[in-house]
Amino acid sequence: MSKAETLARRRQLLGNNLSIAYQNPVKIVRGSMQYLYDDEGREYLDAYNNVAHVGHCHPRVVATGQQQMALLNTNTRYLSDLINEYAARLIATLPQQLKVCFFVNSGSEANELALRLARAHTKAMHLVVLDHAYHGNTTTLIDISPYKHNGPGGPGAPPWVHTVPLPDLYRGLYRSDDVEAADKYAQHVNEVIQQVRTDRVCGFIAESMPSVGGQIFLPENYFTKVYAAVRSAGGVCIADEVQTGYGRIGTHFWGFEKYGVVPDIVVLGKPIGNGHPIGAVITTREIADSFDNGMEFFSTFGGNNVSCAIGLAVLRTVLEENLESHAEQVGSQMLERLRKFTSQFDIVGDVRGSGLFLGVELVNDRAMREPATEAATSVVNQMREEGILIGTDGPFHNVLKIRPPMCFTSADGDRLVEELARVLSGGY
Ligand SMILES: Cc1ncc(COP(=O)(O)O)c(C=O)c1O
């Protein structure tokens, strides 16, 4: 079918609030490592899709999945060495307190389960969330995702959800020139704890580097202060590592490690299956025991043999191909070149990142930091026409989001930076 026919058919058959990337949609028919190919055979350099963490259709992952599908695929009610091995290898990447694993099928399911664990352990309900956060597509997760419930069509937050300002040092309430920014942002969490005191707080959930929020790096001591406050009020701290884990940030395997904290519950999704739907929750023995209250936990597909085989192959690939240090090396080179854009192009207000998790914030006016939303859309579409896929994010959709498969090379990084410079010089 032609692209136009595919689009028309999709509009007829699928829900129309499924968004489509780019003004000129791309019809992808094949993927290989950091490349995607459209129906006319055109190659695209993928600098956006973090789910294909070790590379689109990585041969080792594909072969492992094929072999396991041909052998056995069943559920966790039968004994299997595969699931134990996968859990053990995952746990080995985490701080030693985090030692019990649950497997589900998506980041949303993992966050749902994290909430159940937190509630079972604390017997409390009130949750503190960061403004602009996104944690998943279920009813409860829309409730805890200000990006959705405060966005178009959103019903707002329920009374048990308390939104605190996103600690964004570039355009937030307190900025990088404020040495007390971490304290001031953390104070908002303290205020919620005081406010709900008699009811008690269940916990705090945040992405380690808020991604939908605009590729944000939090003030250094923010998590330390917030975690201490939440724990002293009897709550638990949940790290949503769906986007930031598995070596993506280059300097550390997990995003939270950058801030020197250890969460009580860690939520994993997207990259851990390299495109196969896997989610996981890892927690302490104490929290897992509180959850073991008589009610069985079961997910039909979560932890099935094929998922575990694939998950294990992905994890082994990340470790054996040293993708964390690779991300650090390639990402640092890109970051160094991109940072020069702030003096080369008036429209580039801020460049931030770590490893292969980068953001370039576009503004119409540097002093006022007015978001350059239209320009960002135009830049992303021009890059797509040049065969490089990036996206936008942030509350104003003015942050260029660069988050490629981890096999992205220095040469790919050079190509992206040079093309972006050309697009920024040419007008938007
Ligand atoms: C930070 C974060 N958490 C959770 C989710 C939900 O994951 P899924 O779409 O696999 O349900 C997403 C998805 O975009 C996400 O970005």
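See the structure shown above.
Residues numbered from 1 in each chain as written. Predicted model: local features only at pLDDT ≥ 70, side-chain atom pairs only at ≥ 80, totals over all residues. Heavy atoms only, no water.

## What to know about the nonpolar core
Part 1 of the argument: Judged by nonpolar contacts, the single largest core of 99 residues is most densely connected at L90, F204, Y222, Y246, M334 and L338.
Part 2 of the argument: Broken down by element, the residue count for this core peaks at eight residues, all from helix α10 (residues 305-320).
Part 3 of the argument: The residues touching L338, leaving out its near neighbours within four places in the chain, are V351, L358, V360, I402, V417 and L420.
Part 4 of the argument: Membership of the second largest hydrophobic core comes to 28 residues, among which are F102, L115, I144 and V236. (Core = buried A, V, L, I, M, F, W, Y, C linked by side-chain atoms within 4.5 Å. Buried < 20%, exposed > 50% of the residue type's maximum accessible area, 1.4 Å probe, protein only. Helix = DSSP H or I, 4+ residues; strand = E, 2+ residues; numbered from the N terminus. Contact = heavy atoms within 4.5 Å.)

## Quick notes on the state of the cysteines
Should the sulfur atoms of two cysteines be covalently bonded, the bond is a disulfide.
Part 1 of the argument: In this structure the tally under the stated criterion is zero disulfides.
Part 2 of the argument: For C308, which is in no disulfide, the shortest distance to another cysteine sulfur is to C101 and amounts to 8.9 Å.
Part 3 of the argument: C407 takes part in no disulfide bond, and the closest cysteine sulfur, belonging to C57, lies 11 Å away.
Part 4 of the argument: The exposure class of C407 is buried, given its relative accessible area of 13%. (Disulfide = S-S within 2.5 Å.)

## Describing the packing of helix α3 (residues 81-92) against α10
Part 1 of the argument: The contact between α3 and α10 brings their axes to 9 Å, and the two run at 35°. Considering only the axes of α3 and α10, their crossing is left-handed. Between α3 and α10, the residues in contact are L82, I83, E85, Y86, R89 and L90 and N305, C308, A309, G311, L312, L315 and R316, respectively. (Axes fitted to C-alpha atoms, helices over the stretch in contact; angles between N-to-C directions. Left-handed = near helix turned anticlockwise from the far one by under 90°.)

## Things to note about a nonpolar patch on the surface
Part 1 of the argument: On the surface, L13, L14 and L18 cluster together into a nonpolar patch covering about 290 Å² of accessible area.
Part 2 of the argument: Relative to the assigned elements, L18 resides in the loop between α1 (3-13) and β1 (28-32).
Part 3 of the argument: Owing to a relative accessible area of 48%, L18 belongs among the partly exposed residues under this scheme. (Patch = residues over 30% accessible without salt bridge, like charges linked within 9 Å, V, L, I, M, F, W, Y side chains within 5 Å. Areas by Shrake-Rupley, 256 points an atom, 1.4 Å probe, with all protein chains shown as cover. Salt bridge = Lys/Arg side-chain N within 4 Å of Asp/Glu carboxyl O.)

## Description of the packing of aromatic side chains
Part 1 of the argument: Considering all chains together, one arrives at 16 aromatic pairs under this definition.
Part 2 of the argument: Measuring from centroid to centroid gives 4.9 Å for Y86 and F103, while their planes differ by 10°, and the two rings are stacked. With Y86 in helix α3 and F103 in strand β4 (residues 100-104), this pair connects stretches of sequence that are 17 residues apart. Across this residue pair, the class does not change: Y86 and F103 are buried.
Part 3 of the argument: Aromatic side chains Y222 and F223 sit 6.1 Å apart centroid to centroid with 35° between the ring planes, which places their arrangement in the tilted category.
Part 4 of the argument: Its relative accessible area of 0% is what places Y222 among the buried residues.
Part 5 of the argument: The buried category is assigned to F223, whose relative accessible area is 1%.
Part 6 of the argument: Among the aromatic residues, those joined into a ring-pair cluster are F204, Y222, F223, Y227 and Y259. (Phe/Tyr/Trp six-rings, centres within 6.5 Å; stacked < 30°, edge-to-face > 60°.)

## Quick word on the layout of surface pockets
Part 1 of the argument: Size it by volume and the second largest pocket reaches roughly 510 Å³.
Part 2 of the argument: Along the wall of the second largest pocket there are 21 residues; nearest its centre are V100, C101, F102, F103 and F297.
Part 3 of the argument: Elements that contribute at least two residues to the lining of the second largest pocket include exactly α3, β4 and α9 (285-291). (1 Å grid on protein atoms, 1.4 Å probe; cavity = no way out; pocket = protein on both sides within 12 Å on 5 of 7 lines; lining within 4 Å. Points joined across faces, edges and corners; volume = space filled by probe spheres on them.)

## Structural notes on the pattern of salt bridges
Part 1 of the argument: Inspection of the entire model under this criterion finds 17 salt bridges.
Part 2 of the argument: Between K225 and D183 there is a salt bridge, with the nearest N and O atoms lying 3.0 Å from each other. Taken together, the residues span a long stretch of sequence, with K225 in helix α8 (residues 222-232) and D183 in helix α7 (residues 181-195) at a distance of 42 residues.
Part 3 of the argument: For D183, a relative accessible area of 41% translates into the label partly exposed.
Part 4 of the argument: Close ionic contact of E419 with R422 constitutes a salt bridge, the shortest N to O distance being 2.8 Å. In this pair, E419 and R422 are both assigned in helix α14 (residues 410-426), three residues apart and thus about one turn of the helix distant.
Part 5 of the argument: A residue is classified by how much of its surface remains accessible, and E419, at 16% relative accessible area, is buried.
Part 6 of the argument: Several salt bridges converge on common partners, so that one network encompasses R171, D350, R352 and E361.

## Quick notes on the site of the ligand
Part 1 of the argument: Near the ligand the following residues occur: S106, G107, S108, N111, Y134, H135, G136, E207, D240, V242, Q243 and K270.
Part 2 of the argument: In this structure, a nitrogen atom belonging to the ligand sits 2.7 Å away from a side-chain N or O atom of D240.
Part 3 of the argument: K270 places a side-chain nitrogen or oxygen 2.8 Å from an oxygen atom of the ligand.
Part 4 of the argument: Out of a free accessible area of 390 Å², the ligand has 84% covered by protein chains.
Part 5 of the argument: Residue contributions to the shell around the ligand peak at three residues, all from helix α4 (residues 107-122).
Part 6 of the argument: In the shell around the ligand, the residues fall into two nonpolar, seven polar and three charged. (Near = heavy atom within 4 Å. Polar contact = N/O pair within 3.5 Å; in protein donor to acceptor, adjacent residues only side chain to side chain. Nonpolar A, V, L, I, M, F, W, Y, C, P; charged D, E, K, R; others polar.)

## A closer look at the sheet that holds strand β2 (residues 35-38)
Part 1 of the argument: With mixed pairing, four strands are arranged side by side in an open sheet as β1-β2-β3-β14. Two strands in the sheet have a free side with no partner beyond their single neighbour: β1 and β14 (388-389).
Part 2 of the argument: Sheet topology note: the strand β3 (residues 43-46)/β14 ladder contains two bridges and is parallel. What sits directly across from D46, in β14, is L389. (Pairing = 2+ DSSP bridges.)

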